[in-house]
Number of protein chains: 2
Amino acid sequence: MNADNQARVINVGILGCGVVGGALVELIHERREAIAAAAGVELRVTQVGVRSASKERPGVPNDLLTTDTKALVTADDVDVVVEVIGGIEPAQELIRSAMAGGKPVVTANKELLANYGAELSAAADEAGVDLLFEAAVAGAIPIVRPLRESLLGEDVTRIMGIVNGTTNYILTKMSEEGATYEAALAEAQRLGYAEADPTADVGGFDAGAKAAIMASIAFGARVVAGDVYHEGISEITKADIDYANELGYEIKLLAIAEVIEGEQREIGVRVHPAMVPCTHPLASVRDSFNAVFVEGRSAGELMFYGRGAGGRPTASAVLGDLVDAAANLAAGTHRSVPVGAPCRIRPIDDIESAYYLNADVDDSPGVLAQVASVFGAHGLSIRSMNQEGGDGDGAGSARIALVTHQARERDLQAALHDLRELDSVTGIGSVLRVIES
Amino acid sequence: MNADNQARVINVGILGCGVVGGALVELIHERREAIAAAAGVELRVTQVGVRSASKERPGVPNDLLTTDTKALVTADDVDVVVEVIGGIEPAQELIRSAMAGGKPVVTANKELLANYGAELSAAADEAGVDLLFEAAVAGAIPIVRPLRESLLGEDVTRIMGIVNGTTNYILTKMSEEGATYEAALAEAQRLGYAEADPTADVGGFDAGAKAAIMASIAFGARVVAGDVYHEGISEITKADIDYANELGYEIKLLAIAEVIEGEQREIGVRVHPAMVPCTHPLASVRDSFNAVFVEGRSAGELMFYGRGAGGRPTASAVLGDLVDAAANLAAGTHRSVPVGAPCRIRPIDDIESAYYLNADVDDSPGVLAQVASVFGAHGLSIRSMNQEGGDGDGAGSARIALVTHQARERDLQAALHDLRELDSVTGIGSVLRVIES
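Computed from a prediction, not measured in an experiment: that's the story for all the values here.

K.L.:
Which residues make up empty space enclosed by the protein, and what values go with them?
P.N.:
Residue and element names in this part refer to chain B. One pass over the full model with this rule turns up 10 cavities of 30 Å³ or more. Its volume calculated, the second largest cavity comes out at about 80 Å³. Forming the walls of the second largest cavity are Leu132, Phe133, Glu134, Val144, Arg145, Arg148, Glu149, Asp321, Asp324 and Arg335. Of all the secondary-structure elements, those providing two or more residues to the lining of the second largest cavity are α5 (144–150) and α11 (311–331).

K.L.:
With reference to specific residues and values, describe the interface of chain B and chain A.
P.N.:
Chain B puts 47 residues into the contact, and the matching count from chain A is 47 residues. Summing the contributions of chain B and of chain A, the shared interface buries around 4,100 Å²; its carbon and sulfur component is 57%. Applying the counting criterion to the chain B and chain A interface returns 4 salt bridges. Here aspartate 155 of chain B and arginine 31 of chain A are joined by a salt bridge, their closest N and O atoms 3.6 Å apart. At the boundary of chain B with chain A, the tally comes to 15 residue pairs in polar contact (both at pLDDT 80 or more). Elements with a minimum of two residues in the side of chain B that touches chain A: α1 (19–39), α5, β11 (289–296), β12 (300–307) and α11 of chain B.

K.L.:
Account for the pattern of salt bridges, naming residues and giving values.
P.N.:
When charged atoms on two side chains of opposite charge get close, those side chains can pair. Applying the stated rule across the entire model yields 56 salt bridges over all chains. The partner of aspartate 360 of chain A in a salt bridge is arginine 399 of chain A, and the shortest N-O contact between them spans 3.0 Å. Pair noted here: aspartate 360 of chain A is in strand β14 (residues 352–362) and arginine 399 of chain A is in strand β16 (residues 397–404), with a separation of 39 residues, a long-range link. For aspartate 324 of chain B, the salt bridge goes to arginine 145 of chain B, with nearest N and O atoms at 2.9 Å. Remark: arginine 145 of chain B occurs in helix α5 and aspartate 324 of chain B occurs in helix α11; sequence separation between them is 179 residues. Taken individually, aspartate 324 of chain B and arginine 145 of chain B each receive the classification buried, so the pair is uniform in this respect.

K.L.:
I'd like a description of the domain arrangement of chain A, backed by residues and values.
P.N.:
In terms of domains, chain A is made up of domain 1 (8–139 + 311–331), domain 2 (150–307) and domain 3 (348–434). Taking only C-alpha atoms into account, the centre of domain 1 of chain A sits 53 Å from that of domain 3 of chain A.

K.L.:
Let's hear about the pairing of strand β12 (residues 300–307) of chain A: which residues, and what values?
P.N.:
If a strand is regular, its side chains alternate between the two faces of the sheet. Sheet topology places strand β11 (residues 289–296) of chain A next to β12 of chain A; 8 bridges connect them, and they run antiparallel. Bridge pairing in β12 of chain A links glycine 296 of chain A to glycine 300 of chain A. Connecting β11 of chain A to the antiparallel partner β12 of chain A that follows it, the hairpin turn spans 3 residues. Here β12 of chain A runs beside β12 of chain B; their pairing, made up of 3 bridges, is antiparallel. Each residue of the ladder has a partner; that of methionine 303 of chain A, found in β12 of chain B, is tyrosine 305 of chain B.

About the cut-offs
Residues numbered from 1 in each chain as written. Chains lettered and ligands numbered in written order. Predicted model: local features only at pLDDT ≥ 70, side-chain atom pairs only at ≥ 80, totals over all residues. Heavy atoms only, no water. 1 Å grid on protein atoms, 1.4 Å probe; cavity = no way out; pocket = protein on both sides within 12 Å on 5 of 7 lines; lining within 4 Å. Points joined across faces, edges and corners; volume = space filled by probe spheres on them. Helix = DSSP H or I, 4+ residues; strand = E, 2+ residues; numbered from the N terminus. Contact = heavy atoms within 4.5 Å. Buried area = accessible area lost by both parts, 1.4 Å probe. Salt bridge = Lys/Arg side-chain N within 4 Å of Asp/Glu carboxyl O. Polar contact = N/O pair within 3.5 Å; in protein donor to acceptor, adjacent residues only side chain to side chain. Buried < 20%, exposed > 50% of the residue type's maximum accessible area, 1.4 Å probe, protein only. Domains from an automatic or database assignment. Pairing = 2+ DSSP bridges.

Here it is, written out as structure tokens:
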């Protein structure tokens, strides 16, 4: 940043004028003087690229609008490009063109970064420009910069994030108000938290893209969306949540990225619902809030909490990056980011976790022992096990609930298979991974 | 940062070799290669300044030790200086000398920054070097950098922090295990969380210094430790905590800094215990953990959580800054920080809050009305009020507990004065500020 009292004018071209783009134009207008005083750059929006220039856009002067986005990214009156269109193309092509022409880029595009992040970082480095994307993960929460800069000296071992507000809202309603999954989803859709087709959120795809980006940054590894194993929340029942609460847990959809040291370093990266102990900081993240929990060998446990979506919160994160890119440009410098090295992704079958499961069994003596011996045969150690309903007289049915110690997914699946073969087991309910406190 | 594959060697001189300094030497050693790969600089510790060179320091090679700290800060084989001595002098003199000689400085010294932060920032700017201090507030938690950089575009309106681990540990023990204040303090001392003389922690002085630093950064204002009103936790009783829990609150020692817009912009900055709603993210910050809750006009609510003290966690934050300073030095740049402008501090009498209080009263008809009319006379509006014990027959005593709406401290104090004059009021118990959810 420069220390002159005279703020240098930096012209900004914005690709996209939806909820985030519109909020950004307003925000730049509101904060222009404060930013000039603090960072020595005066931001001026010169062009806003849109698909249709005839649509009314409150707060955005009509003469800024252009449909010629290709011209925008190479225009002389654009110094920095902000991309808030989303999706792979034409976003990627436009970003590449801007960077090739020496223009720094700020983007909020998680889909693009989760698929082509390494290539785009390499292109930015080659062009000698900034490519910043704080808003692509967990919206307003500063997490990309802390991981890239504050924790550069830290040996980060694991990241667990609640990075999808829609699913967290649904799970909170189910836990706190006893809503069914269907009712909570309908409420989320009514409030605009969930899309008419909620698959990207409830299926864990959105969280998966963010997991890939976080893993790439935290571990300097080349992880893409396709590397991420994911399960969603649509199978979670009210009964699962009641069980979890009774045992002192909340159920949360977690995006987890971790380093697994072994003969060779591997990265585990996955999204699934998990039981989180009530005393864990992630358990108290409610409603549509997001949070990213980071474990480091020296720093210990850290958590970053805030709004993961919404026009103004996301625009706030974009603006933080924009000020940085503008100040760097004014100072003739840029932030070089090491491009992720190829890495081995550990297959989900080899991932270890503690597990919770419940099963309906005949109410007869010896069933607990049968179940326990199946687990023992696969090397799975049981931490707690209890039986509900039934009186052991051999008539009717009972339900067994148990929690294992750390076990390999492969062994757990094998035990589940054998469990289903037992005559005394009439059904297996939910199987949930358990986060240990 | 530079993009060369060849890492540039940056020589580091460390002032102080206590818990943090020792951990830092180890950490630099462990992380050297990873840092070189990620940031393009190779950190090499060349000198460690100590008071006594004869003392055994495991992990720190003897030939690095020197007692000539004045020579260290101007030595040719020191490119960057880390100050982890603490206290005002000689730390200030050494830091000034290092910066005047063109050496960037990283410090964890909250006392120094809370008193001379603006002057030191100005000196750094004049010398064209970095002065970084992530570790001075909330230990390992990245909060200084997010406030200075990520939130540069954001209009931050309020910060509330649990920034003292000792007091949070004590309050957690009291709330969760029913410990008395004295027992919890003794336990904290046994574990090394509290000093033999715990005044700096339990009296709110340590939190006050951090509040001053946070206010300075977040609001670009010149706030010093002496500007901060503070109350400690030593008057908090088990009964207060039970009352709070019953009403759905936890009691936390909060460092609060806020902007108060009026005829002129004022800064409110204070430390005191407060009742925090159980659903508020700060309520679930347990044990010796710290957290800083930030409210911004666009970003909404953010929270940063982690370890506020300890050798390795603090050293981790220092190392993050050190990598940044080293990379900037290698790139021939530095981070200029606007020096805080003078600002008006709002006197505590004019600060508004909601209040909780309880009072012992005669158990006779009409007492509630008397109490309510005292509050009404001072323009204070009561949100809830209830009476416990007593049956209204005029014999014995009862206890009234009430919570006000937002009220000015001055008016609350005047009402308390009048309350004490009432014959029917036999005693006023605790008075606590209430954070609204």
